[in-house]
Every structure is written in C-alpha cells, then in structure tokens.
Amino acid sequence: IVILFLTLAYYLMKTINFTTKGTCCRQILIELDDANRVMNVKFNGGCNGNLKGIAALITGMDADEVRKRLAGIKCGMKETSCPDQLAKALESLDD
C-alpha cells in the first residue's frame, strides 16, 4: 500500500524543466506537488552554494509565494538573475 501511495504521489507531481536566459545557471528543474508546493529544485550551473541555499529555503513553499518573492531580482548589471529565472519558470505553469 505504501509503494502504491508513493507511486501515486509521484505521478501527481508537476515537473518544470526550464531553460534559463541571461544567467550563469543554464537550466532549472522544479517539482511541485498537487497542492502547488515546491518539493524539489535543481539548478544546472550557476553559483552552487547560493542556489542550493535558495532551493533549501523554498522547499515546501507555495509556488505562487516563491514567484512573488523572487520575481524581478537582478544579478549585478544583468537584467535578470537565477532567482528571477526561477520565478519565470513558475510563471510558465500559467501558460
């Protein structure tokens, strides 16, 4: 029964595989549960420690809240950042 539940929970997850633009991070993989909470985030490239920290902080948070908090953050002179790209990835769910 436990295996069936875990298998069902896995299939209820939404997965976003987002190719970033304008950042050192090249790709973001996000998994959301059926309640729209961020369950897992993996960044490909970028500042390893900082991005692991962001992933740890947002795990379990509502995706809309994450999007609101991170949208518009810039990195240095760039027009975007890894957190901003994460927000854009979450916005892609609305498309």
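An account of the accompanying structure is given in this report. (Residues numbered from 1 in each chain as written. Predicted model: local features only at pLDDT ≥ 70, side-chain atom pairs only at ≥ 80, totals over all residues. Heavy atoms only, no water.)

1. What to know about the pattern of salt bridges
Thinking step 1. Inspection of every chain in the model, using the stated rule, returns five salt bridges.
Thinking step 2. The shortest N-O distance in the salt bridge between Arg69 and Glu65 comes to 2.7 Å. Of this pair, Arg69 and Glu65 both sit in helix H3 (residues 63–70), separated by four residues, roughly a single helical turn.
Thinking step 3. Among the residues examined, Glu65 registers a relative accessible area of 30% and is labelled partly exposed.
Thinking step 4. When the shortest N-O distance is used, the salt bridge between Lys74 and Glu79 registers 3.5 Å. (Salt bridge = Lys/Arg side-chain N within 4 Å of Asp/Glu carboxyl O. Helix = DSSP H or I, 4+ residues; strand = E, 2+ residues; numbered from the N terminus. Buried < 20%, exposed > 50% of the residue type's maximum accessible area, 1.4 Å probe, protein only.)

2. Observations concerning the pairing of strand E2 (residues 25–32)
On any regular strand, side chains alternate: one points to one face of the sheet, the next to the other face.
Thinking step 1. Inspection of the sheet shows strand E1 (residues 14–19) paired to E2 by six bridges, in the antiparallel sense. The residue bridging Thr15 from the neighbouring strand is Glu31, located in E2.
Thinking step 2. Hairpin geometry of E1 and E2 is characterised by an intervening segment of five residues between the two adjacent antiparallel strands and by a positive phi of about 80 degrees at Gly22.
Thinking step 3. Between the antiparallel neighbours E2 and strand E3 (residues 38–45) lie five residues, among them Asn36 with a positive phi of about 65 degrees. (Pairing = 2+ DSSP bridges.)

3. Regarding H3
Thinking step 1. Those residues of H3 that fall on the buried side of the exposure criterion are Ala63, Val66, Arg67 and Leu70. All buried residues of H3 fall inside an arc of 100 degrees around its axis, so they share one side. Exposed and oriented more than 90 degrees from the buried face of H3 are Lys68 and Arg69.
Thinking step 2. Considering only its buried residues, H3 is in contact with E2, E3, helix H2 (48–58) and helix H4 (82–91).
Thinking step 3. In this structure Asp62 caps H3, since a side-chain oxygen of it lies 3.0 Å from the backbone nitrogen of Asp64.
Thinking step 4. Count one or two residues on from H3 and you reach Gly72, which has phi positive near 90 degrees. (Arc of directions from axis to C-beta. Contact = heavy atoms within 4.5 Å. Polar contact = N/O pair within 3.5 Å; in protein donor to acceptor, adjacent residues only side chain to side chain.)

4. Some remarks on the state of the cysteines
Thinking step 1. Following the criterion strictly, the structure yields zero disulfides and no others.
Thinking step 2. Cysteine Cys75 shares no disulfide, and the gap to the nearest cysteine sulfur, in Cys47, comes to 6.5 Å.
Thinking step 3. By relative accessible area, which is 41% here, Cys75 ends up partly exposed.
Thinking step 4. We note that Cys82 lacks a disulfide partner, and the nearest cysteine sulfur, in Cys25, lies 4.7 Å from it. (Disulfide = S-S within 2.5 Å.)

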